[in-house]
Amino acid sequence: MTAAAATAIAAAGASLPAVALAQAAAPAQAPGFYRYKVGDMTVTAIQDGFFRRPLEGFIRNAELPAVQAAMASAFLSTSAVEISFTTMVVQNGSQITVLDTGNGDSGAPTSGLWMRNFRAAGYTPEQVTRVIFSHFHGDHINGLRLKDGTLTFPNAEILVPAPEWAFWMDEARMGAAPEAMRGAFAAVRRVFAPIASNVKQFQPGAEVAPGITSTAAFGHTPGHCVFMISSGTGKLMFMADTTNHPALFVRNPDWSAVFDMDADVARATRRRMLDMVAAEKTQVHFYHAPFPATGFIAKAGNGFELIPVQWTSSV
Ligand SMILES: [Zn+2]
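Source: prediction; values computed, not measured.

Caption draft 1: Structural context of the overall build of the protein chain. Helix and strand content of the protein chain: nine helices and 14 strands. Computed over its C-alpha atoms, the radius of gyration of the protein chain comes to 21 Å, within 12% of the 20 Å expected for a compact globule of 315 residues. Partitioning the contacts of the protein chain with sequence separation of at least 6, the portion at a separation of at least 24 is 68%.

Caption draft 2: Here's a closer look at the pairing of strand S3 (residues 80-92). Of the strand pairs in this sheet, strand S2 (residues 41-54) and S3 are connected by 11 bridges, and their pairing is antiparallel. Residue pairing for S3: Thr42 is matched across the bridge by Gln91. Pairing geometry for S3 and strand S4 (residues 95-99), over five bridges, is antiparallel. Within S4, the position partnered with Met88 by the bridge is Leu99. Taking the residues between adjacent antiparallel strands as the criterion, S3 and S4 are bridged by two residues, where Gly93 takes a positive phi near 65°.

Caption draft 3: Expanded view of the nonpolar core. One finds Val131, Ile132, Val226 and Phe238 to be the most contacted residues of the largest nonpolar core, which totals 72 residues. Each residue touching Val226, except ones within four places of it in the same chain, is listed here: Ser134, Thr215, Ala217, Met237, Phe238, Met239, Ala240, Thr242 and Met273.

Caption draft 4: Up close: the environment of Asp170. Position of Asp170 relative to the elements: it lies in the loop between helix H5 (162-168) and helix H6 (171-176). Residue Asp170 is classed as partly exposed on the basis of its 13 C-beta neighbours within 10 Å. C-alpha of Asp170 to C-alpha of Phe185: the two residues are 15 residues apart in sequence and 9.2 Å apart in space.

Caption draft 5: Spatial organisation of the pairing of strand S1 (residues 33-38). When S1 meets S2, the two strands line up antiparallel, connected through six bridges. The residue bridging Tyr34 from the neighbouring strand is Ala45, located in S2. A loop of two residues connects S1 with S2, the two strands running antiparallel in sequence, and Gly39 in this loop sits at a positive phi of about 55°.

Caption draft 6: Structural view of unusual backbone geometry. Across the junction of Phe291 and Pro292, the peptide omega takes the value 5°, indicating a cis bond. Unusually for a residue other than glycine, Ala240 sits at a positive phi of about 50°. Summarising the element assignment, Ala240 is placed in the loop between strand S11 (234-238) and helix H8 (246-249). A positive phi angle, near 55°, is found at Lys281, a position not held by glycine. Looking at the secondary structure, you find Lys281 in the loop between helix H9 (263-280) and strand S12 (283-285).

Caption draft 7: The arrangement of the sheet that holds strand S6 (residues 157-161) in detail. Judged by pairing direction, the sheet is mixed, and its seven strands sit side by side in the order S1-S2-S3-S4-S5-S6-S7 without closing on themselves. Every other strand in the sheet has two partners, leaving S1 and strand S7 (200-202) as the edge strands with one partner each. Recorded for the sheet is a direction-independent mean angle of 25° between the axes of neighbouring strands.

Caption draft 8: Summary view of the confidence of the model for the protein chain. On average, residues of the protein chain score 92 in pLDDT, and 91% of them are at 70 or above. The model gives residues 1-23 a pLDDT under 50, and that stretch makes one contact with residues more than four places away or in other chains.

Caption draft 9: Summary view of H9. The end-to-end C-alpha distance of H9, which contains 18 residues, comes to 26 Å, matching closely the 26 Å that a straight helix rising 1.5 Å per residue would cover. Taken together, the buried positions of H9 are occupied by Ala266, Thr269, Arg270, Met273, Leu274 and Val277. Across the axial projection of H9, the buried residues extend over an arc of 120°, all falling on one side. The exposed set on the far side of H9, more than 90 degrees from its buried face, consists of Asp264, Arg272 and Ala279.

Caption draft 10: Molecular detail of the sheet that holds strand S13 (residues 294-300). Taken together, seven strands build an open sheet; the order of strands is S8-S9-S10-S11-S12-S13-S14 and the sheet is mixed. In this open sheet, the two strands that pair with only one neighbour each are strand S8 (207-209) and strand S14 (303-308). The sheet shows a mean angle of 35° between the axes of neighbouring strands, direction not considered. In this sheet, S13 lies alongside S12 in antiparallel orientation, the contact comprising two bridges. Within S13, the position partnered with His285 by the bridge is Thr294. The sheet strands contacting H9 are strand S10 (225-231), S11, S12, S13 and S14, and the helix crosses S13 at an angle near 100°.

Caption draft 11: Local environment of the environment of Thr269. Relative to the helices and strands, Thr269 is located in helix H9. On the basis of neighbour count, Thr269 is assigned to the buried category, with 23 C-beta atoms found within 10 Å. For the pair Thr269 and Phe153, spaced 116 residues apart in the sequence, the C-alpha separation amounts to 32 Å. Residues within four places of Thr269 in sequence aside, it is in contact with Ala217, Phe218, Gly219 and Thr242.

The rules we used
Residues numbered from 1 in each chain as written. Predicted model: local features only at pLDDT ≥ 70, side-chain atom pairs only at ≥ 80, totals over all residues. Helix = DSSP H or I, 4+ residues; strand = E, 2+ residues; numbered from the N terminus. Rg over C-alpha atoms; globule rule 2.2 N^0.38 Å. Contact = placed C-beta atoms within 7 Å. Pairing = 2+ DSSP bridges. Core = buried A, V, L, I, M, F, W, Y, C linked by C-beta atoms within 7 Å. Buried ≥ 20, exposed ≤ 12 C-beta atoms within 10 Å, placed from the backbone. Axes fitted to C-alpha atoms, helices over the stretch in contact; angles between N-to-C directions. pLDDT = per-residue confidence, 0-100. Expected span 1.5 Å × (residues − 1). Arc of directions from axis to C-beta.

Have a look at this one:
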């Protein structure tokens, strides 16, 4: 080692405590946003933290050891699963569309990072032209309205799948729902009831915005939709909750998460959608995939594999 190198190392060592102190006061990670292009559109994945739950009881139709083996093969915990949340912003000229809104201030303490990350990506809520929802589970809709009632996006048009609205806003159905589901119905009303007359419903299959076309992907919820985002030759399928964590459900598409409201229909939808994007080599985004939650689907064994895209510093 040269004397100069030794001096440099000593100097670096001397400054270590100061560096450690500075890091302790900073956020745990860099802001969670990731930008990429789909044709002429700019897509930004926005991270909203995660929710950790026990692995046991997560999958209805598989024994725990099999689920643990799948987690181990992905080098993940065999006791708990981290379900992360990644929404999407699509910028098309001056049009700024948000696809699903995250947990707002209603989720787990490890969630609720969306606004910080959205602002870090250079956006403000006032700029948002429209918000499109895939379905009405709390982790997708609660970001639209804070607990104190404030609407997050004052200038945005709100678009929702008509069958999802019909299911959750049905008074009789809420009255007849089992106790365990009452909270989910109440959450939907908390977010949407005050703006019900302004919410625009779309039929699955409709083009919801220029270059953003909905497709029915029922099963996870009765009106769950996915969205094809296309511009020129660029395509991206926003798969929402067609699968939960890919290490489990892309690998094993016949497994059913407890959150799938109609497990059989969700399973059939999952196979159909994964087969399609694999055959067509369409880039995908899964709401609950590890950040930045995007990649490609390849066939593997009796299921599929999510191949993440290569991170790039240039958009
Ligand atoms: Zn979800």
